[in-house]
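The primary structure of each chain is shown beneath.
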Amino acid sequence: MFNLILFGPPGSGKGTQSEKIIAKYNLLHLSTGDLLRAQISAGTPLGLEAKSIMEKGQLVPDNVVIGMINDVMAYNKDAQGFLFDGFPRTVAQAEALDQLLKENGEKVNLMISLKVDEEELVKRLLNRGLTSGRPDDRNEEVVRYRIKEYNNKTTAVADYYKQFGKVDEIVGIGSIEEIFDNIGKSIESHQ
Ligand code: AMP
């Protein structure tokens, strides 16, 4: 198995690059944001709980997100590997992920961290909000709050994996192909 975490702030291009990575490297895409939005669309109790939190740009509780990841991984035991997108977002989630993988004799192989400065992120997210239909992309205050949550709670996840030498930083500004090329080089040097 090859397990990859695509890491970076909201708007750094994780979704766009994920599509290209899963197609080329045959990984199963696991985006907690997409899973949560599917729960909201289906009107489940979990979706109802998550909706108001997500609209404020806050993080959904760890146990909710870890439970979802656990379920998807359990259903896909024969996957060639997972691409985690938007997860883990806290150190508690990272520890839970490591534990889940360890129970199956697996591990996180690599974290690719996309670097994009804050003003560019705000510009991209508000622009995406014009077409994405995502309420959390439409309001500048919410967009900035999401970046603040990232700075306060999520950057520590990169430090957590850095202690194991698993993090590769890649500039997330440039053409989609250029960034994908650099991601590919990183993946291939860790396979
Ligand atoms: P995303 O699609 O990754 O930008 O996530 C959208 C929103 O879903 C976030 O702002 C959070 O409210 C929630 N969310 C997604 N993934 C997580 C996670 N791993 N932990 C907590 N909240 C999450």
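Note that the structure is predicted; figures quoted are calculated from it, not measured.

A. The arrangement of the nonpolar core in detail. Judged by nonpolar contacts, the single largest core of 30 residues is most densely connected at Ile5, Val60, Met73, Phe84, Leu97, Met111 and Tyr161. With six residues, helix H4 (residues 62-75) is the largest single contributor of residues to this core. Apart from the residues lying within four places of it in its own chain, the contact partners of Tyr161 are Ile5, Pro88, Ala94, Leu97, Asp98, Val108, Met111, Lys166 and Val167. Membership of the second largest hydrophobic core comes to 16 residues, among which are Ile22, Leu114, Ile170 and Ile183.

B. Representation of the site of the ligand in the model. In the neighbourhood of the ligand, 16 residues make up the surrounding shell, with Thr32, Arg37, Gln58, Gly86 and Gln93 lying closest. In the model, an oxygen atom of the ligand is placed 2.9 Å from a nitrogen or oxygen of the Arg37 side chain. In this structure, Arg89 approaches the ligand through a side-chain N or O atom, which is 3.0 Å from an oxygen atom. Within the complex, the protein chains bury 96% of what would otherwise be the 480 Å² of accessible surface of the ligand. Of all the elements, helix H2 (residues 32-42) adds the most residues to the shell around the ligand, at four residues. Its residues assigned to classes, the shell around the ligand shows six nonpolar, five polar and five charged.

C. Geometry of the environment of Met54. When you line up the elements, Met54 lands in helix H3 (residues 45-56). Residues Met54 and Leu36, 18 residues apart in the sequence, show an inter-C-alpha distance of 9.0 Å. Sequence-distant contacts of Met54, that is, excluding residues within four places in its chain, are made with Gly33, Leu36, Arg37, Ile40, Val60 and Asp136.

D. Representation of the pairing of strand E3 (residues 82-85) within the structure. Where burial is concerned, the two faces of E3 agree: the one with Phe82 and Phe84 and the one with Leu83 and Asp85 are both buried. Sheet topology note: the strand E1 (residues 4-7)/E3 ladder contains three bridges and is parallel. Within E3, the position partnered with Leu4 by the bridge is Leu83. For strand E2 (residues 28-31) and E3, the ladder comprises four bridges, and the chain directions are parallel. Paired with His29 across the strands is Leu83, a residue of E3.

What counts as what
- Counting of residues starts from 1 at the beginning of each chain's written sequence and follows it residue by residue.
- Reporting in this predicted model follows two pLDDT cut-offs: at least 70 for local features of residues, and 80 or more for side-chain atom pairs to be given and counted; totals over whole chains, interfaces and linings ignore these cut-offs and use all residues.
- With hydrogens and water stripped out, all remaining heavy atoms of the structure feed into the side-chain values.
- Residue types Ala, Val, Leu, Ile, Met, Phe, Trp, Tyr and Cys, when buried and joined through side-chain atoms within 4.5 Å, form a set referred to as a nonpolar core.
- The cut-offs for exposure are 20% and 50% of the maximum accessible area for each residue type, with area from a 1.4 Å probe on protein chains only; residues under the lower value are buried, those over the upper are exposed, and the others partly exposed.
- Runs of H or I in DSSP of at least four residues are treated as helices and runs of E of at least two as strands, each being numbered from the N terminus.
- Contacts were defined at the residue level, with two residues in contact if any of their heavy atoms lie within 4.5 Å.
- Residues are counted as near a molecule or strand when any one of their heavy atoms sits within 4 Å of it.
- By the criterion applied in these results, polar contacts are pairs of N or O atoms within 3.5 Å in which, for protein atoms, one can donate a hydrogen and the other can accept it, and in which residues neighboring in sequence qualify only through two side-chain atoms.
- Exposure was quantified through the Shrake-Rupley algorithm and a 1.4 Å probe, taking into account, for residues, occlusion by the shown protein chains and nothing else.
- Each residue gets one label: Ala, Val, Leu, Ile, Met, Phe, Trp, Tyr, Cys and Pro are nonpolar, Asp, Glu, Lys and Arg are charged, and the others, such as Gly, are polar.
- Following DSSP output, two strands are said to pair if at least two bridges run between them.

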